[in-house]
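As a plain string of letters, each chain reads:
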Amino acid sequence: MKTADLKYLPLKWLVHGLALLPLWVLYRLADLLYLILRYAVGYRRKTVMKNLAESFPDKTPREIRRIADGFYRNFADYIVETIKLLHISDRTMKRRMTFSGIEAIDEALGRGQAVVCYFAHLGNWEWAPSITLWSRFTPHDGVEFCQIYRPLRNAWFDALMLRIRGRFGAVSLPKKRSFLDLLRYRKQGIPTVTGFMSDQKPSHGDPVHVVRFLDHPTAMITGTETVCRRLDALPVYWEMSKPGRGRYHISVRPMPLTEPTDASPYPLTDLYASLLEDNIRRNPSLWLWSHKRWKIPVSYPTPTAAAE
């Protein structure tokens, strides 16, 4: 065993030990973790409160604090639920993470078409790859279920997250080469279902498309739309809700792929921003408010003058 692996051995034992605990015990630990994150260390408190206050200017300080409190509770649940993925049965996962509208995805796969899933940091996004338990298609058997990810700097944590994200057969594609990987699957005649976390800020050098989102001028990721068009894929939005603690639901909503215009060069991206904002406003505490989404200010595009 390598020296680097030995250094993380106690942490490995701890994580796997926690994953063996029943969920009701993990939720008691999450209650404690919530208090630590919310009050003891104030995890990214300034970022959370600033994001909320600027996104909901019509809400009172008391309402903002209530949403923030819900965010920290959900975030604590997300942590223990993600650890539990190391040791959770398919039966338990299928009972706790449900899907509806998956027929649209299966129909596309049945005709050999790729599917691009617009997704976000809502609820527990790490449980979403369990879609493989709901589809009539099986991973690695003529169909691939994929997700785009950004490799972590720490090799040990990166390997841990890859194991967690592959728990139900999904393939993790590094962002930098994801399009080439998807093209390779297409050339091999393998239809894919790929989840894109498109609520992050665009990477350096990516095309910028600015929309009004949560009362902010916001640079949206356009690469998802570009990939969708080049693969001639079916775009769908995964609408996340949380019916109860430890229970999530995703409604699969097909998105119309309209042609770009001068007024809307990225219509699919515009639609995603609208759907996501509606999703967030229904239960604001489910979104990842600690993410520095608006760290780099952007401006709305200047309207072009009408032709004479």
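My aim in this report is to walk through the structure given alongside it, one point at a time. (Residues numbered from 1 in each chain as written. Predicted model: local features only at pLDDT ≥ 70, side-chain atom pairs only at ≥ 80, totals over all residues. Heavy atoms only, no water.)

So, helix H5 (residues 61–84)
Thought 1: The end-to-end C-alpha distance of H5 is 35 Å, a good match for the 34 Å that 24 residues give at a rise of 1.5 Å each.
Thought 2: With 17 of 24 residues buried, H5 lies mostly within the body of the structure. (Helix = DSSP H or I, 4+ residues; strand = E, 2+ residues; numbered from the N terminus. Expected span 1.5 Å × (residues − 1). Buried < 20%, exposed > 50% of the residue type's maximum accessible area, 1.4 Å probe, protein only.)

Focus: unusual backbone geometry
Thought 1: Its identity is not glycine, yet Leu 214 carries a phi of approximately 55°, on the positive side.
Thought 2: With respect to the helices and strands, Leu 214 occurs in the loop between strand S6 (208–213) and strand S7 (216–221).

What about the packing of aromatic side chains?
Thought 1: All chains considered together, the criterion is met by 19 aromatic pairs.
Thought 2: Centre to centre, the rings of Tyr 78 and Trp 125 are 4.3 Å apart; their planes meet at 25°, and the pair counts as stacked. Of this pair, Tyr 78 sits in helix H5 while Trp 125 is found in the loop between strand S2 (115–119) and strand S3 (144–149), placing the two residues 47 residues apart along the sequence. In this structure, Tyr 78 and Trp 125 share a single accessibility class: buried.
Thought 3: Centre to centre, the rings of Trp 287 and Trp 289 are 4.9 Å apart; their planes meet at 90°, and the pair counts as edge-to-face.
Thought 4: A relative accessible area of 0% means that Trp 289 is categorised as buried.
Thought 5: Members of the aromatic cluster, connected to one another through ring pairs, are Tyr 43, Phe 71, Tyr 72, Phe 75, Tyr 78 and Trp 125. (Phe/Tyr/Trp six-rings, centres within 6.5 Å; stacked < 30°, edge-to-face > 60°.)

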